[in-house]
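In case you want the letters, here they are:
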Amino acid sequence: MFEVSTFHNVHTCSLDLRGKDNCQASPLIVAHLIKDKFATDGSDQLPSDIRKSMHKDYGIQMSYEKAWRCREKAIHLSRGTPEDSYSKLPSYLHMLQLRNPGTITDFVVEDGRFKYCFFSLGPSIRGFKFCRPVICVDGSFLKTRYGGQMLCAVALDAGSHIFPIAFAIVDSSPWRNSYDRWRSGLAGTYLHLRLVPVHEVSLSSCMCCISGRSIIAYTLCSPYYTTEYWRRTYEGTIMPVGDEDDWELPDDIKNMTVGVPVEKQPVGRPKKQKVGRIKNNRTACNGERIIKSRNCSMCGAKGHNRSTCNYRG
């Protein structure tokens, strides 16, 4: 119990100092103000940009950490959470096949969590018949807390432009193993091929031989370089899946549950526990880890240890 004996109703701090932190501008309120900037990509909106725009438009000053929290909440308000996105994956792939005939999709779930995903659109499959018969596969790391890689198979059309064929989402280790198996399989399949040396022949000599024999030069070119094949490569149209409220899904697709993947382990040495806390493997009923405070060996208080204790009695 305490009692207020004297109260001075005069603020000695300036108004700028009292309103410097802008406590009323919580991350959730700021996220509602900037969520439209993340409707499409929004990757160029960094926390430093959010700090500048909020100070310019509303006169709000905030720290870099608070701007980062505002950015994370704005992304969730604009695009939804990762849990919602993974749960909609079976429905999205089903509608992708329904709106684009000939589309091939597949995904793998392990212990209720997302593992792999593959899809190739029907127009891309039909258009590949008129591309050069060479497929290039490459991967790119996903910069999320779940990690993984996005693989892409592409080809070249008649105009030497990249034509996408298929996409896949995998984790890192199986992709390296699959690449080794593909490489060994291709080596065993094409052992009957051999390299034939080609002598240096000038283009003018070839043209003279062709003109002397009354041969049209275009007839010697592969059809994969013709304008007709170029046009037929892109004659297919990729149809969007439409609004989610208009989807008509069967019961087996509605009942499918896909959880988020296992979070990737951070690179480097694990961070140490904070001073004044000890590691405890017990968890509460809500899933939160129970952290037990450490008592100081000098004064017996909680929240610090002997080296940071101020007691010198």
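In case you missed it, the structure is sitting above this.
Residues numbered from 1 in each chain as written. Predicted model: local features only at pLDDT ≥ 70, side-chain atom pairs only at ≥ 80, totals over all residues. Heavy atoms only, no water.

Across its full length, the protein chain carries 11 helices and 7 strands. Relative to its 313 residues, the protein chain shows a buried fraction of 24%. Taking as baseline every contact in the protein chain between residues at least 6 positions apart, the subset at least 24 positions apart corresponds to 55%. Of the roughly 23,900 Å² of accessible surface on the protein chain, 56% is carried by carbon and sulfur atoms. (Helix = DSSP H or I, 4+ residues; strand = E, 2+ residues; numbered from the N terminus. Buried < 20%, exposed > 50% of the residue type's maximum accessible area, 1.4 Å probe, protein only. Contact = heavy atoms within 4.5 Å. Areas by Shrake-Rupley, 256 points an atom, 1.4 Å probe, with all protein chains shown as cover.)

With that settled, the discussion passes to the side chain of Asp 157. For Asp 157, the position within the fold is in the loop between β4 (149-156) and β5 (162-170). Buried and unpaired, Asp 157 has no salt bridge, with Arg 132 as the nearest side chain of opposite charge at 6.0 Å. Of the polar contacts made by the side chain of Asp 157, one reaches the backbone nitrogen of Ser 160; its length is 3.1 Å. Among the polar contacts listed, one links the side chain of Asp 157 to the side chain of Trp 230, at a separation of 3.4 Å. With residues near it in sequence (within four places) discarded, Asp 157 still touches Cys 131, Arg 132, Trp 230, Thr 233 and Tyr 234. (Lys, Arg positive; Asp, Glu negative; His and termini not counted. Salt bridge = Lys/Arg side-chain N within 4 Å of Asp/Glu carboxyl O. Polar contact = N/O pair within 3.5 Å; in protein donor to acceptor, adjacent residues only side chain to side chain.)

All chains considered together, the criterion is met by 6 salt bridges. Between Glu 110 and Lys 115 there is a salt bridge, and its shortest N-O distance comes to 3.7 Å. Across the pair Glu 263 and Arg 145 runs a salt bridge, and its minimum N-O distance is 4.0 Å. Placement of Glu 263 in the loop between α11 (251-254) and β6 (277-278) and of Arg 145 in the loop between β3 (136-141) and β4 is noted, with a sequence separation of 118 residues between them. A relative accessible area of 45% means that Glu 263 is categorised as partly exposed. Residues joined in a network through salt bridges with shared partners are Glu 83, Arg 145 and Glu 263.

On to the packing of aromatic side chains, then. Summed over all chains, the structure comprises 6 aromatic pairs. Seen from their ring centres, Phe 119 and Phe 167 are 5.5 Å apart, and the 25 degrees between their planes marks the pair as stacked. On the criterion of sequence distance, the pair formed by Phe 119 in strand β2 (residues 113-120) and Phe 167 in strand β5 is long-range, its members being 48 residues apart. Overall, Phe 167 belongs to the partly exposed group, its relative accessible area being 25%. Looking at Arg 71, its charged tip hangs above the ring of Trp 68, at a distance of 5.9 Å from the centre. (Phe/Tyr/Trp six-rings, centres within 6.5 Å; stacked < 30°, edge-to-face > 60°. Lys NZ or Arg CZ within 6 Å of the ring centre and 35° of its normal.)

What follows deals with the environment of Lys 73. Tracing the backbone through its elements, the reader meets Lys 73 in helix α4 (residues 64-79). Taking the C-alpha atoms as reference points, Lys 73 and Val 30, 43 residues apart in sequence, are found 8.8 Å from one another. Contact partners of Lys 73, with chain neighbours within four places excluded, come to Pro 27, Leu 28 and Ala 31.

This part covers helix α3 (residues 47-58). Compared with an ideal rise of 1.5 Å per residue, which puts 12 residues at 16 Å, α3 spans 16 Å between its outermost C-alpha atoms and is within 8% of the ideal. Taken together, the buried positions of α3 are Pro 47, Ile 50, Ser 53 and Met 54. On an axial view of α3, the arc spanned by its buried residues comes to 120 degrees, and they lie on one face. For α3, the exposed residues set more than 90 degrees away from the buried face come down to Lys 52 and Lys 56. Packing partners of the buried residues in α3 comprise α2 (27-34) and α4. Looking one or two places after α3, you find Gly 59, whose phi comes out positive at around 70 degrees. (Expected span 1.5 Å × (residues − 1). Arc of directions from axis to C-beta.)

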